[in-house]
Amino acid sequence: MSARTRKQKAALAAQAEDSDVTATSNGTTRKSPRKSRSPSPDVEARENVFLFIPNLIGYARVFLTIASLYYMPLHPRTCSLLYSVSCLLDALDGYAARYCNQSTTFGAVLDMVTDRCTTACLLVFLSSAWPRWSIIFQSLISLDLASHYMHMYATLSMGGSGQSHKNVEATRSWILYQYYHSKTVLFICCALNELFFIGLYLLSFSSPILSPSLLQAQDPSAPPALASPWSAGALELARANKIDSFWPWVITGVSAPVMALKQFINVVQLVKASKWLAEGDLARRKAARNGKTL
């Protein structure tokens, strides 16, 4: 066998290794079936969405919120710290989802539900701490829940099951587009909105004028209005003048304009989602009428 023939066979053999081509004895080639390769363990392993890093952060937020609710009646500093950390983690879970490529529908819903429940729980407490203004806090709870539920439902119903509620077109609403597409705007609005309610919460521990009658001496012949340590009057008396009011007033005053903007955005979101759903209803009714006439 000449050197040239040996080189040709060696080249054909190398080509066969790379492309699953087999060299025959007469110098021709034929394709052989490619060997099946077993999938890697990473591919075989089934991903557990519930254990994704951003979702674990979401569970931590739920735990911190529950802990803050436990301390809420009589421990303003501990409660405020736990509540604030829970709110700050709201920004971290979104970053973790993008960094780890673990964005999921479950995570998005968990994040939104945690936000709504956290704010609602604080507003429920404020309704009891400031009973004169309870109707305002109840209205804010209703607006927050209705706005986000309507927006989420409209997005899934009209935009498709894979559509994110944060994907808002500028043609539909300029203010919602800016709110959801700018992470800075979204963070500032949400953070200062929560900060306003935290300020009101702290004020309930620092103002001695919530119910002045509670701070006056009780008539010994009167029935024991504060017999139970967990009665509304006893809790209010325990909270009154517990901490200095300077910083709570500063926090509340600075964050008030942004809180008002956030509530306006909630109204816009509710109105736009309602109109979007109505457009879908009209389109379906029109399609049904056209189908009957055909």
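In this text, all values refer to a predicted model and were calculated from it rather than measured experimentally.

Notes on the overall build of the protein
Secondary structure summary: the protein contains ten helices and two strands in total. The burial tally for the protein puts 35% of its 294 residues in the buried class. Summarising the internal contacts of the protein: among those between residues at least 6 apart in sequence, 70% fall at separations of at least 24. Accessible surface for the protein amounts to roughly 18,600 Å². Of this, 63% is attributable to carbon and sulfur atoms.

Concerning the side chain of Ser204
Among the structural elements, Ser204 can be located in the loop between α8 (183-203) and α9 (232-239). On the accessibility criterion, Ser204 (0% relative accessible area) is buried. A distance of 2.5 Å separates a polar atom in the side chain of Ser204 from the backbone oxygen of Tyr201.

Some remarks on the packing of helix α5 (residues 105-129) against helix α6 (residues 134-159)
Closest axis-to-axis distance for the α5/α6 pair is 8 Å, and the angle between their directions is 170 degrees. By the angle class used here, α5 and α6 are roughly antiparallel. Residues Val109, Met112, Arg116, Thr119, Ala120, Leu123, Val124, Leu126 and Ser127 of α5 form the contact with α6, whose participating residues are Ser134, Phe137, Gln138, Leu140, Ile141, Asp144, Leu145, His148 and Met152. Tallied by class, the residues present in the contact of α5 with α6 amount to eleven nonpolar, five polar and two charged.

Topic: the UniProt feature "transmembrane region" (unreviewed entry) in the protein
Mapped onto this numbering, the UniProt entry annotates "transmembrane region" (unreviewed entry) at residues 185-205 and 246-265. Between the C-alpha atoms that bound residues 185-205 there is a distance of 31 Å. The span itself is 90% helix and 0% strand.

Quick notes on the pattern of salt bridges
Using the criterion set out here, one finds six salt bridges in the structure. Among the charged side chains, a network of salt bridges with common partners joins Arg61, Asp90, Asp111 and Asp115.

Quick look at the environment of Glu194
Summarising the element assignment, Glu194 is placed in helix α8. By relative accessible area, Glu194 is classed as buried at 11%. Sequence separation between Glu194 and Thr119 is 75 residues, and the spatial gap between their C-alpha atoms is 7.3 Å. Those residues in contact with Glu194 that sit more than four places away from it in its chain are Tyr83, Cys87 and Thr119.

A look at the environment of Leu122
Note on placement: Leu122 falls in helix α5. Placed 79 residues apart in sequence, Leu122 and Tyr201 show a C-alpha to C-alpha distance of 8.0 Å. With residues up to four places along the chain from it excluded, the contact list for Leu122 reads Met72, Tyr83, Phe197, Ile198 and Tyr201.

Parameters and conventions
Residues numbered from 1 in each chain as written. Predicted model: local features only at pLDDT ≥ 70, side-chain atom pairs only at ≥ 80, totals over all residues. Heavy atoms only, no water. Helix = DSSP H or I, 4+ residues; strand = E, 2+ residues; numbered from the N terminus. Buried < 20%, exposed > 50% of the residue type's maximum accessible area, 1.4 Å probe, protein only. Contact = heavy atoms within 4.5 Å. Areas by Shrake-Rupley, 256 points an atom, 1.4 Å probe, with all protein chains shown as cover. Polar contact = N/O pair within 3.5 Å; in protein donor to acceptor, adjacent residues only side chain to side chain. Axes fitted to C-alpha atoms, helices over the stretch in contact; angles between N-to-C directions. Parallel < 35°, antiparallel > 145°, perpendicular 65-115°, else oblique. Nonpolar A, V, L, I, M, F, W, Y, C, P; charged D, E, K, R; others polar. UniProt positions renumbered as here; feature names shortened; annotations may be inferred. Salt bridge = Lys/Arg side-chain N within 4 Å of Asp/Glu carboxyl O.

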